[in-house]
Amino acid sequence: MLNARIKLRHLQAFLEVARQRSFARAAERLSISQPGISKTIRELEDTLAVALFERTPHGVSLTQAGLTLLRHAGPAVRALEEGVEALQAVQTGAHWLRVGTLSTVESRLLPEALRRWQANTTTERGAQVVTGTSAFLLSRLRRGELDVVVGRMTEAREIQDLSFEHLYYERLQLVVRQGHPLLAEQALGAHNLCAYPWIIPPPQTTLRQQVDSFFVRHALLPPPLRIETLSLALGRRYALIGEAIWVAPEEAVRSAIQRGELCELSLPLEQHGGSVGLCINRSLRPSLAAEAFCEVLREVAADVVKGYHAESS
């Protein structure tokens, strides 16, 4: 049990002297007098019945007892400070989230998760949403510039030491506008696709790997007329106004297919789909906002899976 005579000011003074290796510099950093910090350290040493510092020609150094206390007091005080900061964040309403998102979840999962995360609260709760390739987003996550990255990224080499949590599987689909000539083909083959423009993900993306695999399996050359983009808005519009074949995430075209605006070709690009999930950097302590948002993501993902099962039954 912690001795009741030991106060937080004792530990703060001890840690600052240990960092500065000087009573004078530590007193300056803590904005107290040198006699005051010396008295505080003596009180701590008297309570523990050990010497924590010894004087040297260049200042002070930790004794063996001081080193032992440093190993335990440092993390304990930091944890306490983080806890106080977290409570202050709750009280002041400072709930900010930094999310990296891939195009596979921009249409359904992410908007609904953000809506639920912001619902039923009177405090400030904002999010910065960054889009881009998996390589770009995961590099920012690794540097601590993002709290979480959401999307289909299990094939990404950049995950490495990051932590990926699977939420559900989702396919890439070959879709065209209603009335497209390919929809009238009785036995659609891969060779029929070569005469049309394509809208495909850019090179060096996880989604493009699946498209390139499709070309290899069917002995196709990359289409000479193609738009390379991750923009869902551009892909959708370009497919609707012409005869392009759009390689689109299932989530992004579900509503348009249900309304009859777009149609999936009978030739599947992939059978089982890839793993959509969330990726975090476990080497960094997650914020309260990030923890709450990840929990909401799991709830929304479960609803998405239920919706898929209901539509297929």
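Let's shift gears to the overall build of the protein. From N to C terminus, the protein includes ten helices and twelve strands. A globule of 313 residues ought to have a C-alpha radius of gyration of about 20 Å, yet the protein, at 29 Å, is considerably larger. In terms of principal-axis extent, the alpha carbons of the protein reach across some 90 × 45 × 30 Å. Sorting the 313 residues of the protein into buried and exposed places 45% on the buried side. At a minimum sequence separation of 6, the contacts of the protein that also span at least 24 residues come to 73%. Summed over its atoms, the accessible surface of the protein is roughly 16700 Å², and 53% of this surface lies on carbon and sulfur atoms. One way to put it: in the protein the 35 positive side-chain charges average out to a point 5 Å from where the 33 negative ones average out.

Turning our attention to the confidence of the model for the protein. Per-residue confidence for the protein averages 88 on the pLDDT scale, and 91% of its residues sit at or above 70. The element-level mean pLDDT for the protein is lowest in helix 4 (residues 64-92), coming to 77, with strand 8 (residues 198-200) highest at 97.

Successive side chains on a regular strand alternate, one facing one side of the sheet and the next facing the other. In terms of strand pairing, strand 1 (residues 53-56) meets strand 2 (residues 59-62) through four bridges, oriented antiparallel. Note that in strand 2 the partner of phenylalanine 53 across the bridge is leucine 62.

Another point: the nonpolar core. If you look at the biggest cluster of nonpolar residues, it comprises 24 residues, and the most contacted ones within it are Leu109, Val148, Tyr168 and Phe293. Counting residues per element, the ones that place at least two in this core are strand 3 (95-101), helix 5 (109-118), strand 5 (148-152), strand 6 (163-170), strand 12 (274-280) and helix 10 (288-312). The greatest single-element share of this core, amounting to nine residues, is contributed by helix 10. Within the second largest apolar cluster, 20 residues are counted, among which are Ala190, Leu193, Val247 and Leu269.

Scanning the entire structure with this criterion turns up 20 salt bridges. In this structure, glutamate 145 engages arginine 140 in a salt bridge whose closest nitrogen and oxygen atoms are separated by 3.0 Å. Taking the relative accessible area as the measure of exposure, glutamate 145 reaches 30% and is therefore partly exposed. Overall, the relative accessible area of 19% leaves arginine 140 in the buried class. Among the salt bridges present, the one from glutamate 295 reaches arginine 298, with a minimum N-O distance of 3.2 Å. Here glutamate 295 pairs with arginine 298, and both are found in helix 10, just three residues apart, close to one helical turn. With a relative accessible area of 40%, glutamate 295 lands in the partly exposed category. Residue classification places arginine 298 among the partly exposed residues on the basis of a relative accessible area of 31%.

Here we come to helix 9 (residues 250-258). Because an α-helix completes one turn every 3.6 residues, residues spaced three or four positions apart along the sequence face the same direction. Of all the residues in helix 9, the buried ones are Glu250, Glu251, Ala252, Val253, Arg254 and Ala256. Where helix 9 ends, the next residue or the one after it, glycine 260, has phi of about 85°, a positive value.

Turning our eyes to something else, we now look at the environment of glutamate 243. As for its placement among the helices and strands, glutamate 243 is situated in the loop between helix 8 (232-241) and strand 10 (245-249). Looking at glutamate 243, the relative accessible area reads 36%, which means it is partly exposed. C-alpha separation for the pair glutamate 243 and proline 111, spaced 132 residues apart in sequence, amounts to 29 Å.

How each quantity is defined
- Residues numbered from 1 in each chain as written.
- Predicted model: local features only at pLDDT ≥ 70, side-chain atom pairs only at ≥ 80, totals over all residues.
- Heavy atoms only, no water.
- Helix = DSSP H or I, 4+ residues; strand = E, 2+ residues; numbered from the N terminus.
- Rg over C-alpha atoms; globule rule 2.2 N^0.38 Å.
- Buried < 20%, exposed > 50% of the residue type's maximum accessible area, 1.4 Å probe, protein only.
- Contact = heavy atoms within 4.5 Å.
- Areas by Shrake-Rupley, 256 points an atom, 1.4 Å probe, with all protein chains shown as cover.
- Lys, Arg positive; Asp, Glu negative; His and termini not counted.
- Charge placed at Lys NZ, Arg CZ, Asp CG, Glu CD.
- pLDDT = per-residue confidence, 0-100.
- Pairing = 2+ DSSP bridges.
- Core = buried A, V, L, I, M, F, W, Y, C linked by side-chain atoms within 4.5 Å.
- Salt bridge = Lys/Arg side-chain N within 4 Å of Asp/Glu carboxyl O.

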